[in-house]
Amino acid sequence: MNSGSLKENAFFYLSCALAFALPLLQGLVPPLILLLALSLFVSNQHISQLWIALKQKSSVLLLVFYVLYALGILYTENKAAGWFDLQVKLSILLFPIILFPALSFDEEKIKKLLRFFILGCSFAIIICFCLATFNFLQEKLYISRGWYNLNYGINFFLSARLSYFMHPSYFAMYLCLALAALFFYKQENILPNPKMRYVIASAFIFSIIFLASKAGLIILGISLAAYFIMSRNFKIIAGLSALIIFLFGMLYLLAPEFAGKFTKAASAVNSEETDIKTSESSSARILVWKSALQVIKEQKIWGSGTGDVKDVLLERYALNGYTGLLEKKLNAHNQFLQTAIAIGYPGVALLLGILIYSIYIHAKKRSMIGTAFTIIIIINFLFESMLETQAGVIFFAFFYSLLGLNNTTTNE
């Protein structure tokens, strides 16, 4: 390959590297974004494309969203936290600008980029299960020699103990998008070998179940239902259904932590009173959401400020006597509530507009992968404050901008 061709395609290669690194090499993600931006200066990208990209409504909405957070600095008391939050969310500002070459990505390039993302997720799964196996066997050895009293056993393969690279909810979100790419991006050619596609899809499905993320399991159920309706392949439907039911049953019987997640969630939903000292996931969320709504009701219409979200939430926890939440310093565990506290009703209205427009534009383009991505984001936003960490905000900004700018239809 000559140097001219390399320069011309540098942006695309770096985009693929970033897609690969997202689930696997979080430490490399910021340098890759920097290289992605610098590659625009050595490639033959025209500034006219940038102007076209910035006129896209999806780009404008994202840029205005970041501007609202920047304006929130003006009336926040905790300036240090505010500037840090703007730094975390910087990719919301950068990706609509630097991803303008995606306007010219053809179907083959989008497909290759998604393959790199699927490959990164596959390597991450392999490493996570290898480490879990090592920890499981090491524990058995230590117990046999009397060096260790605890016995996690099969729980090494669950949730946070399995997810080595990031929080299990984020990893499940990544895997859900990778699974959607396998299911809904022209499934006959996203991977060259159909058997390989089903093997990798099965690995993703099982991993999502082992991660035990509530949002991930909901998305998995929706994805499988949609795929079953579309495929109408009884053998595949029966086989996957049997394996999933078997896996759920085995985990429920053999892994106390897995069963506990469901029993505690059911108890939290059905209970009329919640222990105010709890820090258990499901019960804590209910208390957090209650506190967040109280803050939103009492604050000004434009919010508490970009840097004061955690401070006002902690104050509310203290007033309510929620010692478990106060000790863990939990955020709102819901991106809509988190945004409403920070930048008020204008901010949460804009966030809803971003997601509604994304659904609209992908439906108009008949892009099932784009629609699936937006649904994945919406469901995860309901359970986690996804835009408060690098793993969440870069994933959102990168794929939102990439899929929003690209005009390739993906389900024909």
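Model, not experiment: these values are computed from the prediction.

(A) Focus on the overall build of the protein chain. When helices and strands are tallied, the protein chain shows 19 helices and zero strands. Of all 412 residues assigned to the protein chain, the portion counted as buried reaches 52%. With the model as given, the accessible surface of the protein chain reaches about 19000 Å², and the carbon-plus-sulfur share is 67%.

(B) Local environment of the pattern of salt bridges. Applying the stated rule across the entire model yields four salt bridges. Among the salt bridges present, the one from K89 reaches D85, with a minimum N-O distance of 2.7 Å. Judged by relative accessible area, which is 0%, K89 ranks as buried. Two residues, R285 and E384, come together in a salt bridge whose shortest N-O distance is 2.5 Å. With a gap of 99 residues between them, R285 in helix 14 (residues 281-298) and E384 in the loop between helix 18 (368-383) and helix 19 (390-405) connect regions that are remote in the sequence. Accessibility assignment for this pair places R285 and E384 in one class, buried. Because the salt bridges share partners, they merge into one network encompassing D85, K89 and E388.

(C) The arrangement of the packing of helix 7 (residues 107-144) against helix 9 (residues 168-184) in detail. At their nearest, the axes of helix 7 and helix 9 sit 10 Å apart, and the two run at 130 degrees to each other. Comparing their axes, helix 9 and helix 7 come out oblique. Regarding helix 7 and helix 9, the two cross each other, and that crossing is left-handed. Of the residues in helix 9, those in contact with L114, F117, I118, C121, A124, I125 and C128 of helix 7 are F171, Y174, L175, L177, A178, A181 and L182. Grouping the constituent residues of the contact of helix 7 with helix 9 by class yields 14 nonpolar, no polar and no charged.

(D) A look at the side chain of Q26. Tracing the chain through its elements places Q26 in the loop between helix 1 (3-21) and helix 2 (29-42). A polar contact is formed between the side chain of Q26 and the backbone oxygen of L22, at a distance of 2.4 Å. Excluding residues within four positions of it along the chain, Q26 makes contact with A21, F165, M166, Y174, Q390 and A391.

(E) Up close: the environment of Q390. For Q390, the position within the fold is in helix 19. Accessibility expressed as a relative area gives 30% for Q390, which makes it partly exposed. C-alpha separation for the pair Q390 and Q26, spaced 364 residues apart in sequence, amounts to 8.4 Å. Those residues in contact with Q390, other than ones at most four positions away along the chain, are Q26, V29, P30, V88 and F395.

(F) The packing of aromatic side chains, seen in detail. Summed over the entire model, instances satisfying the criterion amount to 20 aromatic pairs. Ring centres 5.0 Å apart and planes at 75 degrees place the aromatic pair F398 and F399 in the edge-to-face group. Summarising the burial analysis for this pair, F398 and F399 share the class buried. Cluster of aromatic residues (ring-pair linked, three or more members): F95, F117, Y174, F373, F395, F398 and F399.

(G) Spotlight on the nonpolar core. Formed by 129 residues in total, the largest nonpolar core has its most connected members in F95, F204, F396, F398 and F399. Ranked by the residues each element gives to this core, the list is headed by helix 9, at 15 residues. In this structure, F204 is in contact with I118, C121, S122, I125, L175, A178, L179 and L182, ignoring residues within four places of it in sequence.

(H) View of the packing of helix 4 (residues 57-71) against helix 17 (residues 335-364). Close contact between helix 4 and helix 17 brings their axes to 10 Å; oriented N to C, the two are set at 175 degrees. For the element pair helix 4 / helix 17, the angle class is roughly antiparallel. Touching K57, S58, L61, L62, V64, F65, L68 and Y69 of helix 4 are Q335, T339, A342, I343, P346, G347, L350, L351, G353, I354 and Y357, all from helix 17. The class makeup of the residues in the contact of helix 4 with helix 17 is 13 nonpolar, five polar and one charged.

(I) Main features of helix 18. Look at helix 18: 23 Å from first C-alpha to last across 16 residues, which is about the 22 Å you get at 1.5 Å a residue. Buried within helix 18 we find I369, G370, A372, F373, T374, I376, I377, I379, N380, F381 and F383.

(J) Here's a closer look at unusual backbone geometry. Although it is not a glycine, K329 sits at a positive phi angle of roughly 55 degrees. Residue position: K329 is located in the loop between helix 16 (323-328) and helix 17. Look at R366: it is not a glycine, yet its phi comes out positive at around 60 degrees. Within the secondary structure, R366 is located in the loop between helix 17 and helix 18. Given the relative accessible area of 47%, R366 is considered partly exposed.

(K) How the structure looks around the environment of L350. Here L350 shows up in helix 17. For L350, a relative accessible area of 15% gives the class buried. Between the alpha carbons of L350 and F65 there is a distance of 6.7 Å; along the sequence they are 285 residues apart.

(L) Examining the side chain of S358 more closely. Following the sequence through the fold, S358 ends up in helix 17. Once residues within four sequence positions are removed from consideration, S358 is found in contact with T374 and Y400.

(M) View of a nonpolar patch on the surface. On the surface, a nonpolar cluster with roughly 710 Å² of combined accessible area is contributed by V67, L71, L74, Y75, I301, W302 and Y345. For L71, the position within the fold is in helix 4. For L71, a relative accessible area of 43% corresponds to the partly exposed category.

Cut-off values and rules
- Residues numbered from 1 in each chain as written.
- Predicted model: local features only at pLDDT ≥ 70, side-chain atom pairs only at ≥ 80, totals over all residues.
- Heavy atoms only, no water.
- Helix = DSSP H or I, 4+ residues; strand = E, 2+ residues; numbered from the N terminus.
- Buried < 20%, exposed > 50% of the residue type's maximum accessible area, 1.4 Å probe, protein only.
- Areas by Shrake-Rupley, 256 points an atom, 1.4 Å probe, with all protein chains shown as cover.
- Salt bridge = Lys/Arg side-chain N within 4 Å of Asp/Glu carboxyl O.
- Axes fitted to C-alpha atoms, helices over the stretch in contact; angles between N-to-C directions.
- Parallel < 35°, antiparallel > 145°, perpendicular 65-115°, else oblique.
- Left-handed = near helix turned anticlockwise from the far one by under 90°.
- Contact = heavy atoms within 4.5 Å.
- Nonpolar A, V, L, I, M, F, W, Y, C, P; charged D, E, K, R; others polar.
- Polar contact = N/O pair within 3.5 Å; in protein donor to acceptor, adjacent residues only side chain to side chain.
- Phe/Tyr/Trp six-rings, centres within 6.5 Å; stacked < 30°, edge-to-face > 60°.
- Core = buried A, V, L, I, M, F, W, Y, C linked by side-chain atoms within 4.5 Å.
- Expected span 1.5 Å × (residues − 1).
- Patch = residues over 30% accessible without salt bridge, like charges linked within 9 Å, V, L, I, M, F, W, Y side chains within 5 Å.

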